[in-house]
Each structure stands twice: as structure tokens, then as C-alpha cells.
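# Breakdown of the fold
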Amino acid sequence: MGTYGDWFIMLLAGSLLLIWAYRSFYRWLHEPVSVNRIKLGKGGKIDSEDANVQLLQRSGYEVVSGKHAVPVDIEMDGAPLGQGSRLYIDYIAEKDEEMFVVKTARERLPMDWTASGVRDRLLVYSLLLPDCSGVLYVDAKDGILRKVSFRLPNE
């Protein structure tokens, strides 16, 4: 093949490397700042006797993970505000290759089923885990399972 073949292979390999580097830099440059994705661990134990889990299973969902506590550090005026806080996710469920965050009903905090009430209580979970298809609200006491999805405009 000689020296021309060697130069051709080196030129081709260098071009591919430059294209890869450019695409990686371009993707990094145009990625929103807030795309720091939360990685959930294994989660808590799933209690198969829990009425919420049973309602999800009867509705065709597979509960894949138990309770998660996501720590949230809070600063006010540049200083930490107490010990921070936590967001609790009750379960993670799947159906038809879609993943959902599951929140269960609480007697002390009833859901306000208006657009603003649902937004205030559940939007944070869709923003926290954008790869999920939505939020499932489960009330085993009343036998209610609601799937909530949020669609934000794309500028």
C-alpha cells in the first residue's frame, strides 16, 4: 500500500476523531445547565401487602422500586438553611416500557384536583425525573389511581 495508504488511514482516523470531538463539544455547549440528572439508587423495600402496591399491580403496573428520599440542600442569602430538606418518592412503577413516579395519598394532606393544585403538588417530581413518563397518584383507600403528565412548551 505504501506511504499514500498510510497517510490516507491516518487522515481518515484523524478526521473521525475531530468529528467526534466537535460533536461532543457541541452537545455539551448546547445542553441546558439544569440537566444534572438525579440518579436514584435501589430504593426501599417493596411491601407486597401494601394496598397501594396491590392497586398498582391490579392496574397492570409493575412496582420496581420502593421509597426514595432525595436530599435537597437549601441556601438562603448564601448560607445553608438548616439541614436542608428531602423529597420523598413513594414508588417507581413501570408499564409498557414507561416509567412513572408514584405518590400515595395522605390523609393529612388531601389533593386539590385543580390544575394549580396538581401542579403545586406533583410537578416537582416530573421536573426532578424528566425521563419518567409522568406521576401516578394512588389512593388505595378510595381505589383511585390517576396518571398525571405535564407538558412544558419548547420555547
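Coordinates for the structure precede this section.
Take the environment of Gln57 next. Checked against the element boundaries, Gln57 lands in helix H2 (residues 51-58). Residue Gln57 is classed as partly exposed on the basis of its relative accessible area, which comes to 44%. Spatially, the C-alpha atom of Gln57 lies 22 Å from that of Asp131, the residues being 74 residues apart in sequence.

Next up on the list: the environment of Phe150. Relative to the helices and strands, Phe150 resides in the segment after strand S9 (144-148). Residues Phe150 and Tyr26, 124 residues apart in the sequence, show an inter-C-alpha distance of 28 Å.

With respect to the secondary-structure elements, Lys103 resides in strand S7 (residues 98-104). Within the structure, Lys103 has its side chain in polar contact with the side chain of Tyr125 (distance 3.5 Å). Once residues within four sequence positions are removed from consideration, Lys103 is found in contact with Tyr88, Asp90, Leu122, Tyr125, Val135, Leu136, Tyr137 and Val138.

Rules behind the numbers
- Residues numbered from 1 in each chain as written.
- Predicted model: local features only at pLDDT ≥ 70, side-chain atom pairs only at ≥ 80, totals over all residues.
- Heavy atoms only, no water.
- Helix = DSSP H or I, 4+ residues; strand = E, 2+ residues; numbered from the N terminus.
- Buried < 20%, exposed > 50% of the residue type's maximum accessible area, 1.4 Å probe, protein only.
- Polar contact = N/O pair within 3.5 Å; in protein donor to acceptor, adjacent residues only side chain to side chain.
- Contact = heavy atoms within 4.5 Å.

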